[in-house]
Amino acid sequence: MIWHIVRKEIYENLLSLRFMLSLILIISLFAAGSFIFVGKYRQQSQDYWEKTNKNLADLSKSLGRLNDLAFFEQQIFRKPKLLALCVEGHEKSFPNYVRFNIFSIGLPEVKSSVNFTLPHFSDVNWVFIISLVLSFVAFVLTFDSICGEKEAGTLRMMLANKIPRYKVLLGKYCGAMLTLCIPLLFGLVVSLIIVITSHVADVSGLEWLKILVVVALSLLYLSVFVFLGVFVSCRATCSANCMVVLLLVWVGLVILVPSLGRTASNMLSETPTRVELNRKLYETERQMWDSSDKFGKNAGNSYADVNDPRMNLPARARLYNALTNAKNGIIEDHHNKMMAQALTGRNFTCLSPTAVYQRASEVVAGVGIGRCTDFYRQAKRYQMNLKEFIRSKDAEDPDSRHLIFDEDNSRGAFDWRTISKRPVDFAAVPKFDERDLGLGQSLKLAVWDIGLLLLFNLVCFAASFVSFLKYDVR
Amino acid sequence: MIWKIARKEFLLNLMTFKFAVGTILCVILVIVFVPVLAKDYLQRLEEYNRNVTANEAELRKVMVYKNILPTVYRPPNVLSVFSEGIEKRLGTSAKIPHFDVPEVSATTDEVNPYMSMFPALDVSLVLRIVFSALALLAAYNVISGEREQGTLKLILSSSIPRHHVLIGKFLAGLMVLIVPVTIVFILSLMLLLSFPMIELSAANWAGIGLMYIASLIFISAMYNLGLFFSSLMKQSAISLILGLFTWVIFVVIVPSGSIYLATQISPLESREKLQAQREMTIQEYRDKQREASGKFPNWRGPKSDAEGAFGMGYTVVCDESCLHDSAKAYPLMQSIVSNYSNSIWRLELSRFDGLLKQKHLAGNIARFSPVSMYENVMSILAQSDFGSFRSFMDDTRSYRDEITEYIRSKTYNFSSYSYFTICTEEDAKGYKKNIKPFSESLKSENEQDRERARENFDKWTNGIMARRSPLDLQDFPRFNYRPGVANSIKRAIPDIALLVIVNILLFSLSFVAFVRYDVRSD
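Thresholds, definitions, all that
Residues numbered from 1 in each chain as written. Chains lettered and ligands numbered in written order. Predicted model: local features only at pLDDT ≥ 70, side-chain atom pairs only at ≥ 80, totals over all residues. Helix = DSSP H or I, 4+ residues; strand = E, 2+ residues; numbered from the N terminus. Rg over C-alpha atoms; globule rule 2.2 N^0.38 Å. Buried ≥ 20, exposed ≤ 12 C-beta atoms within 10 Å, placed from the backbone. Contact = placed C-beta atoms within 7 Å. Core = buried A, V, L, I, M, F, W, Y, C linked by C-beta atoms within 7 Å. Domains from an automatic or database assignment. Nonpolar A, V, L, I, M, F, W, Y, C, P; charged D, E, K, R; others polar. Axes fitted to C-alpha atoms, helices over the stretch in contact; angles between N-to-C directions. Parallel < 35°, antiparallel > 145°, perpendicular 65-115°, else oblique. Left-handed = near helix turned anticlockwise from the far one by under 90°. Pairing = 2+ DSSP bridges. pLDDT = per-residue confidence, 0-100.

1. Focus on the overall build of chain B
Thought 1: For chain B, the count of helices and strands is 15 helices and 4 strands.
Thought 2: Here chain B has a C-alpha radius of gyration of 33 Å; the compact-globule value for 522 residues is 24 Å, and the former is much larger.
Thought 3: Each of the three principal axes of chain B carries a C-alpha extent, and together these read 115 × 45 × 40 Å.
Thought 4: Counting across all 522 residues of chain B, residues that qualify as buried make up 41%.
Thought 5: Taking all contacts inside chain B whose residues are at least 6 apart in sequence as the whole, residues at least 24 apart take part in 85%.

In structure tokens:
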């Protein structure tokens, strides 16, 4: 019996004006978004490789001596991702660049030609279309599912039969979900065809899997809205009122709650400022220099002649290393504070399933704020590896004093020979390569969000189920 | 008769469920948003005042004209509570060095770049999203609903012309929608004024008044859209769905899509290229400067002996040849600077013009949606748009010229000694006598001798410093940035006019549709 209802619902929906409008709108959005994505991705990849190759070329030029390699400032950029087709996660306004040598690493910066006079906007990608437009279509398809039938009088007739109420409810739900799947799948297929035929990149097996997970998440998300639509339809007296309520619910969940993030993070957490960061760095540096004798006699002084008996190089190295560590700690602390501020707002917005869905798909696709922190973390790990590499190479040179510290390269490393001056083999030098998280790891990170989406589903299902059981069909 | 219809509709609508829910939602949102936004404004105001005071304090410490390096600050705008625009993303300060290439920077980066994932929040967001939906909901069944109920037949069977019915319905809708708009504005104002620190100037009041009028025009446009769909379709459900789809396109798709398209159609010139160009010009300038300074071997350049105001040093005392050379060198340097500062300024402006071009393109594409037009009008009226920032930049530029002129007039075209030193002709004569024992002592092995000679010299220079007092800068021009209301109104006119045209167009369309409307029920 349940399939009867589902079939009837689908046929009815397919012939309706709202379905046709949604289908046209959604497919054209998917197509337009993908066309633009292809062009943009091509451009981004080209820029990325240009900059990365330049960095490598500069690196190979600095390989004359090991000490130059230690002080060489590498500039690395975030890789553009093919899965930005699914979800972009505000990456274009996030820092995408970091500069470091083996001693210090700066804060990640935004290095792209972003027009700051334009309001922040989201690319028209899958998650944008699904979270904003398809969720709305879900409401439009379900707003009269119960109260509309009541108004038409057909609900009475249906329930006069021997069919249990939950089957009617599930039938309505499945009908709406399957109808929603049609524009969704069409859109996805169109989008994938455009991307694959344009040959911008090969979609790897892992990427296919991730795409499938994003699609599953999308269905989970849309199901919340279908249940919610059915629930409000059970509670409303007439279908017009039901649409009013649903529209306001939609505005609240999809637009207003996600916009409250900034307010929430401003209220709940402190804003880390550059001025404060610079003040801290300056004070720490001054303090260290003032108490430089703590690291050994004459640690704070240097003399023109390295063999001057007053020169105490090991103490100086300790001082410099302590200074570098303290500064790096302050910068890391600042970065963590910035993250914490943004994440506070983000967690607050998770009152809305839209925000949860966006976050979950960002994690699965490996983009967004989590990916930015991961990029920074990988850069730091690479910095450590490089330092280890230099340390091990340095250990092989008997002429070096084996004191790796951040004193000006030409003076400390070159004149005083604190680091080896031997040439290095370019092939042996570790190079930075940004790695994606595996599917298992991404899923592990997204598990809370998936759980939340399931919870939303469950709550909305329970609410609609109870409301429909108690529904007065007269 | 029009009034009868309008009154009946008005009263009917006022009692409806949708109206109540919409209004309550708006009230709650305003109560949540406005205090947060007002506090944010106060925070920025405090910072602004602190900065301006610090700047004044530095000005009082200036010993030589060369050290005048004030920073100007852009005051925060109280109307940003209504429409934030891009106010918070633009630079709030500019350093004005008269002797060097100006660095008028629009600091683009937010304090925390990760916060850019949240959209801006202001009162106009509530107005443009909730009210536009409310207007559509109020209008969708005005004609088609009455047809379904059969009452339209009854009305038209009396001797009342159709356009009277339509005008009556339109007026009624407008009257109903004025109520929540007015509530939102009054409530926001009340909440805003409940902060004792916030004061509204006459210009602010004018801005708020205009924003109110613009909101009404916008709401009426959205109502007309609903009215058009209602008189086009026979069933109210279909007019509702058509209206809602159009709404989603206007609210969600056009604003994002237009920017997306604009950034693809006219991509920005790469910043590195402009940066390189800028660096090249600066390099050229430095070369010229070096070349010129070669003519004055005794000029000490920007070297300094004492800490002055604005973190700049100055010369306390030097010998006569240095004094004379410097008096000739500075006017020449100044003429080089003014040439190059102009070309660098033009480079800076060309970057902004590139940004502006993209923004205009996005704006023009977005004009497809009345919601974007309204957003634009609101940010112009709240003076939080890019045009207002541009006028800040122009003011900064003319302030720099003003300062340069002031210093020129005070220092005989930068040739007076007071431009770079507190040393007088007589001090310069004494310089040789006093520096001699000091420089001779440097050769001596005895540390005590060196110490004593240094002390003597320091005593003498300190004596000179003690005799001088900071410059009297009572008549120094102060920066006064007052964005004109007249100017912003001028910029807002095209969009307001467009909104009015949309109103007229949609109303005439609904008129045509309604005149041909078939009132018979199926």
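2. Quick word on the overall build of chain A
Thought 1: When you go through chain A residue by residue, the secondary structure sums to 16 helices and 2 strands.
Thought 2: Relative to the globule expectation of 23 Å for 474 residues, the C-alpha radius of gyration of chain A, 30 Å, shows a markedly less compact shape.
Thought 3: Its C-alpha atoms put chain A at 105 × 45 × 40 Å along the principal axes.
Thought 4: When burial is assessed residue by residue, chain A has 43% of its 474 residues classed as buried.
Thought 5: Considering only contacts in chain A between residues 6 or more positions apart, those separated by 24 or more positions represent 81%.

3. Considerations on the nonpolar core
Thought 1: One finds Ile-129 and Val-133 of chain A to be the most contacted residues of the largest nonpolar core, which totals 175 residues.
Thought 2: Among the elements that make up this core, the one with the highest residue count is helix α8 (residues 236-265) of chain B (16 residues).
Thought 3: When neighbours within four sequence positions are excluded, Val-133 of chain A is seen to be in contact with Leu-25, Ile-26 and Leu-29 of chain A together with Val-248 and Val-252 of chain B.
Thought 4: In this structure, Leu-69, Ala-70 and Tyr-320 of chain A together with Met-117 of chain B belong to the second largest nonpolar core, which totals 38 residues.

4. Overview of the environment of Phe-414 of chain B
Residues and elements named next belong to chain B.
Thought 1: Along the chain, Phe-414 turns up in the loop between α12 (386-410) and α13 (425-441).
Thought 2: Of the residues examined, Phe-414 has 25 C-beta atoms within 10 Å and is grouped as buried.
Thought 3: Linking Phe-414 and Glu-447, residues 33 residues apart in sequence, is a C-alpha distance of 42 Å.
Thought 4: If we ignore the near neighbours within four places in the chain, the residues touching Phe-414 are Tyr-330, Pro-331, Gln-334, Arg-408 and Tyr-419.

5. Here we look at the domain arrangement of chain B
All names here are of chain B.
Thought 1: Under the domain assignment used here, chain B contains domain 1 (2-272 + 345-404 + 477-515) and domain 2 (273-344 + 408-467).
Thought 2: For domain 1 and domain 2, the distance between their C-alpha centroids amounts to 53 Å.
Thought 3: Opposite the 24 residues of domain 1 that make contact, domain 2 presents 29 residues.
Thought 4: Counting residues per element, the side of domain 1 that touches domain 2 draws most heavily on helix α10 (residues 320-366), which supplies 5 residues.
Thought 5: Looking at side-chain class alone, the side of domain 1 that touches domain 2 contains 11 nonpolar, 3 polar and 10 charged residues.

6. Describing the environment of Leu-169 of chain A
Residues and elements named next belong to chain A.
Thought 1: Among the secondary structure elements, Leu-169 is positioned in helix α7 (residues 165-197).
Thought 2: Here the alpha-carbon distance between Leu-169 and Ser-145, two residues 24 residues apart in the chain, equals 9.3 Å.
Thought 3: The residues contacting Leu-169, other than those within four sequence positions of it, are Val-230, Ser-464, Phe-465 and Phe-468.

7. Notes on the packing of helix α1 (residues 2-14) of chain B against helix α6 (residues 162-193) of chain B
Residues and elements named next belong to chain B.
Thought 1: α6 packs onto α1 with a crossing angle of 40 degrees between their chain directions and a minimal axis gap of 8 Å. With respect to α6, the element α1 is oriented oblique. The two elements α1 and α6 meet at a crossing, and its hand is right-handed. On α6, the residues touching Ile-2, Ile-5, Ala-6, Glu-9, Phe-10, Asn-13 and Leu-14 of α1 are His-164, Val-165, Ile-167, Gly-168, Lys-169, Leu-171, Ala-172, Met-175 and Val-176.
Thought 2: The residue inventory of the contact of α1 with α6, partitioned by class, reads 11 nonpolar, 3 polar and 2 charged.

8. Some thoughts on the interface of chain B and chain A
Thought 1: Residue-level contacts link 51 residues of chain B with 54 residues of chain A.
Thought 2: Within the residue set of the side of chain B that touches chain A, elements represented by two or more residues are α2 (17-59), α3 (123-139), α8 and α10 of chain B.
Thought 3: Among the elements that make up the side of chain B that touches chain A, the one with the highest residue count is α8 of chain B (13 residues).
Thought 4: Residue composition of the side of chain B that touches chain A, grouped by class: 34 nonpolar, 11 polar and 6 charged.

9. Topic: the packing of helix α8 (residues 205-235) of chain A against helix α13 (residues 353-365) of chain A
Residues and elements named next belong to chain A.
Thought 1: Orientation of α8 relative to α13, taken along the N-to-C sense of each, is 175 degrees, at an axis distance of 9 Å. The angle between α8 and α13 falls in the class roughly antiparallel. Facing α8, whose interface residues are Lys-210, Val-213, Val-214, Leu-217, Tyr-221 and Val-224, α13 presents Pro-353, Tyr-357, Ala-360, Ser-361, Val-364 and Ala-365.
Thought 2: Broken down by class, the residue content of the contact of α8 with α13 amounts to 10 nonpolar, 1 polar and 1 charged.

10. A few points about the pairing of strand β2 (residues 97-100) of chain A
Residue and element names in this part refer to chain A.
Thought 1: Burial along β2 is one-sided: Val-98 and Phe-100 are buried, while Tyr-97 and Arg-99, pointing the other way, are not.
Thought 2: The sheet contact formed by strand β1 (residues 74-77) and β2 spans 4 bridges and is antiparallel. Among the inter-strand pairings, Phe-77 is bridged to a residue of β2, identified as Tyr-97.

11. Details of the confidence of the model for chain B
All names here are of chain B.
Thought 1: With 96% of its residues at a pLDDT of 70 or more, chain B has an overall mean of 83.
Thought 2: The secondary-structure element of chain B with the lowest mean pLDDT is strand β3 (residues 306-307), recorded at 74, while helix α7 (residues 202-232) shows the highest, at 92.
Thought 3: Interface predicted TM-score (ipTM) for the complex: 0.84; the corresponding pTM is 0.85.

12. Focus: unusual backbone geometry
Residue and element names in this part refer to chain A.
Thought 1: Residue His-90 is not a glycine yet carries a positive backbone phi of 55 degrees.
Thought 2: Along the chain, the position of His-90 falls in the loop between β1 and β2.
Thought 3: Backbone geometry at His-199 places phi at a positive 55 degrees, although glycine is not the residue there.
Thought 4: Among the structural elements, His-199 can be located in the loop between α7 and α8.
Thought 5: Judged by the 9 C-beta atoms lying within 10 Å of it, His-199 falls in the exposed class.

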